[in-house]
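Read off the chains here:
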Amino acid sequence: MALPVLSSSAVKFRRVLAHFPQELSLAFAYGSGVFRQAGAAAEHGEVIMINIGCFLTYNPQHSAPQPQNNMLDFVFAVDDSVTWHMMNLLKNRNHYSFLKFFGPKQITSMQSYGAGIYYNTLVPCNGRMIKYGVISTDTLIDDLFHWKTLYVAGRLQKPVKILTQNENSKLQAALVSNLKSAVTAAFLMLPESFSEEDLYMQIAGLSYSGDFRMIIGEDRSKVQNIVKPNIPHFQKLYSTILQDCPQVVYKHHLGRIQIDKSPEGQFAQLMALPKTLQQKITSLVNPPGKNRDVEEILLQVAHDPDCGFVVHQGISGIVRSSSIVQSAKTILTAVWCWGINPRWGDGTHSAHSWLTLSLHPWVRLAKQKTESAAIS
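Chemist: Could you give me a rundown of the pairing of strand β5 (residues 117-125), with the residues and numbers involved?
Modeler: Within β5, eight of the nine residues are buried, which leaves the element mostly enclosed by the surrounding structure. Turn length for the β5-strand β6 (residues 128-136) hairpin, with the two strands adjacent in sequence and antiparallel, is two residues, and the turn residue Asn-126 shows positive phi of about 55 degrees.

Chemist: Quick one: what's the story with the side chain of Thr-149, residue by residue and with numbers?
Modeler: Note that Thr-149 resides in the loop between α5 (137-146) and α6 (152-155). What makes Thr-149 buried here is its relative accessible area of 10%. Not counting chain neighbours up to four residues away, the residues in contact with Thr-149 comprise Gly-114, Ala-115, Asp-143, Ile-318, Val-319 and Ser-322.

Chemist: Explain the environment of Ala-38 to me, and be specific about the residues and the numbers.
Modeler: If you trace the backbone, Ala-38 turns up in the loop between β1 (26-30) and α2 (40-45). Linking Ala-38 and Ser-221, residues 183 residues apart in sequence, is a C-alpha distance of 9.2 Å. If near-sequence neighbours (up to four positions away) are discounted, Ala-38 is found in contact with Asn-225 and Pro-229.

Chemist: I'd like to hear about the packing of aromatic side chains, residue by residue, with values.
Modeler: Aromatic ring pairs: the centre-centre distance and the angle between the two ring planes describe each pair. Evaluated as defined, the whole model comprises 13 aromatic pairs. Aromatic side chains Phe-13 and Phe-74 sit 6.3 Å apart centroid to centroid with 70 degrees between the ring planes, which places their arrangement in the edge-to-face category. Pair noted here: Phe-13 is in helix α1 (residues 11-17) and Phe-74 is in strand β4 (residues 72-78), with a separation of 61 residues, a long-range link. Of the two residues examined, Phe-13 and Phe-74, each falls in the buried class. Here Tyr-200 and Phe-234 contribute two aromatic rings whose centre-to-centre distance is 5.3 Å and whose plane-to-plane angle is 25 degrees, an arrangement assigned as stacked. Of this pair, Tyr-200 sits in helix α8 (residues 196-205) while Phe-234 sits in helix α11 (residues 231-244), placing them 34 residues apart in sequence. Judged by relative accessible area, which is 0%, Tyr-200 ranks as buried. Here Phe-234 falls in the buried class, since its relative accessible area comes to 0%. By way of ring pairs, the aromatic residues Phe-13, Phe-20, Phe-74, Phe-76, Trp-84 and Tyr-132 are connected into one cluster. The aromatic ring of Tyr-119 is capped on one face by Lys-131, whose charged end is 5.2 Å from the ring centroid. One Lys or Arg, Arg-155, reaches over the ring of Tyr-151 and ends 5.0 Å from the middle of that ring.

The rules we used
Residues numbered from 1 in each chain as written. Predicted model: local features only at pLDDT ≥ 70, side-chain atom pairs only at ≥ 80, totals over all residues. Heavy atoms only, no water. Buried < 20%, exposed > 50% of the residue type's maximum accessible area, 1.4 Å probe, protein only. Helix = DSSP H or I, 4+ residues; strand = E, 2+ residues; numbered from the N terminus. Pairing = 2+ DSSP bridges. Contact = heavy atoms within 4.5 Å. Phe/Tyr/Trp six-rings, centres within 6.5 Å; stacked < 30°, edge-to-face > 60°. Lys NZ or Arg CZ within 6 Å of the ring centre and 35° of its normal.

Written out as C-alpha cells, the structure reads:
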C-alpha cells in the first residue's frame, strides 16, 4: 500500500521544490498551509506580535492572515546529508542561521541531535513563507520502523502531500509499517467499539502525547482541528489497513469499528508495536533489578485493565524527550540574519521573529495574559 501521491494541483509545491537540490528520497508538505484545519487562521494570527524590549506582546489589532497565506511546511529526506547541505548552501545560503559559517559537516552534526532533523525557518519562497526540515533517509526509516523519536514518523501518521519519492523499497515498507503501528497503538488505547473519528483522533494525537508544548500553551483542540476537516484524507491512509486487519470488524458504511480486547488480542497487538515503544513499556512495568524478557512483560500488560494507559505513558516518554531537544535545537537553527523583516511589521527585527516562531507556546501564553489583562 502506498501513501497517496499529490495530484496535479500540487504545482505550487513542486515549484518550491525546484529551488532545492533534487537529490531527495522523499519530500512532503504538511500542516495548515496544505490541509484545512479548524481554527487555523486564528492560530496563525496569534503569532503576530509587537516587540517591547525583550518581551513579546500579543497585538489584538492585527487581523489574522487567511489560511491560503499560512506558512508552508516541508520535510526533505536525503541519502547524504553532508552533500545535500553543501549543495543547498551554494544555492540557498541565506536560508541558514549562523551555522552556515561552520559548513555542511557541522550543520549535519547539529541535524543528528534530537529528532534527527534540521529546520530552516521563515524562508521567503515564491511569494510565501516556508519552513523546511532535512532528515537523512536512514534516520527517517529508523523512526518509521521503530519510533525512536516519533517526530517525523508522527507527522507521517497524519495526512501529508507526498511531492516526490524514489524507488527505495525499504523506505516504502517503513512508511506502511508506521501507519500499521499507529493503528495498533490506537487500538490498545480505545474501547472495544468506537467510531472512525475516534480512531483518527487517537492516531493524530500519538505524536502530541507528552509533547511539553501541549502543556505550556499549545492549542488543546489542535488534534480535533486536524482531524475533523480531514476525515476523507485519514480514510485514504487507513481504510485498507482496517479492511485487512483480522482482529477488526470494520463497518465502513456506518463509520464504526470493533476490535478484539481480550488479553490474547491485546498481547498480539503489544507484540506488533515498534521496538522503542515496547522498550518504554517494559521499563515502566518491570521493577528495577528484575530481569524479565519483553514477551513476559507484554503478556502481563495485556492482562492489565490499565493496558491502554501504560501504552499511552510509553508513547509520552518517547515524545517528551525528543520534543524538548528538538525545540531547543530550533532556537539555534532559526536565527537566520539580522535586519528588518517586513512580514513582522515596522521595527521588528528578524531575530525577534524567529524567537516568536520558535517559542510559539510561550507566545500563546503571552497572548492569553494580554487578553486577560485587557478584560480585567
